[in-house]
Amino acid sequence: MAAVLTNETLKDEIAVSVAQVLASANRKAKELGVDLKESLITVSQHLADGVWGWRVHYGKRDYVGRRGGDLIIDVGAADADVQQVLRGQ
């Protein structure tokens, strides 16, 4: 699923930040055994200790009638470092 990024896209600071954050979170999720292709992935901004970061949530694609097992990874916006990993029960 390779895509050619235009100069316009590369100049968009938020788009580049989200791409770096998602790549970092995906690496950690793979380490923890998450099948990315079978996951419903959402990305949202997250405020922690007065600093904005990103929260990446990995859940089951077929989530109706299922509970738990989700993975949430908080990633810093400035450096794309994983800050916190939370697992659902």
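Residues numbered from 1 in each chain as written. Predicted model: local features only at pLDDT ≥ 70, side-chain atom pairs only at ≥ 80, totals over all residues. Heavy atoms only, no water.

(A) Representation of the overall build of the protein within the structure. The secondary structure content of the protein amounts to two helices and four strands. For the protein, the N- to C-terminal ordering of α and β elements is α-α-β-β-β-β. The proportion of buried residues among the 89 residues of the protein is 24%. Taking the intrachain contacts of the protein between residues at least 6 apart in sequence as the baseline, contacts between residues at least 24 apart amount to 31%. Roughly 6700 Å² of accessible area belongs to the protein as shown, and the carbon and sulfur atoms make up 51% of that amount. (Helix = DSSP H or I, 4+ residues; strand = E, 2+ residues; numbered from the N terminus. Buried < 20%, exposed > 50% of the residue type's maximum accessible area, 1.4 Å probe, protein only. Contact = heavy atoms within 4.5 Å. Areas by Shrake-Rupley, 256 points an atom, 1.4 Å probe, with all protein chains shown as cover.)

(B) Examining the pattern of salt bridges more closely. One pass over the structure, following the stated rule, counts two salt bridges. The salt bridge partner of Glu31 is Lys28, with a shortest N-O separation of 3.5 Å. With Glu31 and Lys28 both in helix H2 (residues 13-31) and three residues apart, the pair spans about one turn of that helix. Note on Glu31: relative accessible area 60%, which makes it exposed. Note on Lys28: relative accessible area 26%, which makes it partly exposed. Here Asp74 and Arg55 are joined by a salt bridge, their closest N and O atoms 2.7 Å apart. Highlighted residues: Asp74 in strand E3 (residues 71-76) and Arg55 in strand E2 (residues 51-60), separated in sequence by 19 residues. Judged by relative accessible area, Arg55 falls into the partly exposed class, the value being 24%. (Salt bridge = Lys/Arg side-chain N within 4 Å of Asp/Glu carboxyl O.)

(C) Structural context of the sheet that holds E2. Strand order in the open sheet formed by four strands is E1-E2-E3-E4, and the pairing between neighbours is antiparallel. This sheet does not close on itself; its edge strands, each paired only once, are strand E1 (39-48) and strand E4 (82-87). The average undirected angle you get between the axes of adjacent strands in this sheet is 20°. The sheet contact formed by E3 and E4 spans five bridges and is antiparallel. From the neighbouring strand, Val75 faces E4, where its bridge partner is Val82. Packing of H2 onto the sheet brings it into contact with E1, E2, E3 and E4, and relative to E2 it is tilted by some 50°. (Pairing = 2+ DSSP bridges. Axes fitted to C-alpha atoms, helices over the stretch in contact; angles between N-to-C directions.)

(D) Broad picture of the confidence of the model for the protein. The share of residues in the protein with pLDDT of 70 or more is 90%, and the mean pLDDT across the chain is 88. The element-level mean pLDDT for the protein is lowest in helix H1 (residues 7-11), coming to 89, with E3 highest at 95. (pLDDT = per-residue confidence, 0-100.)

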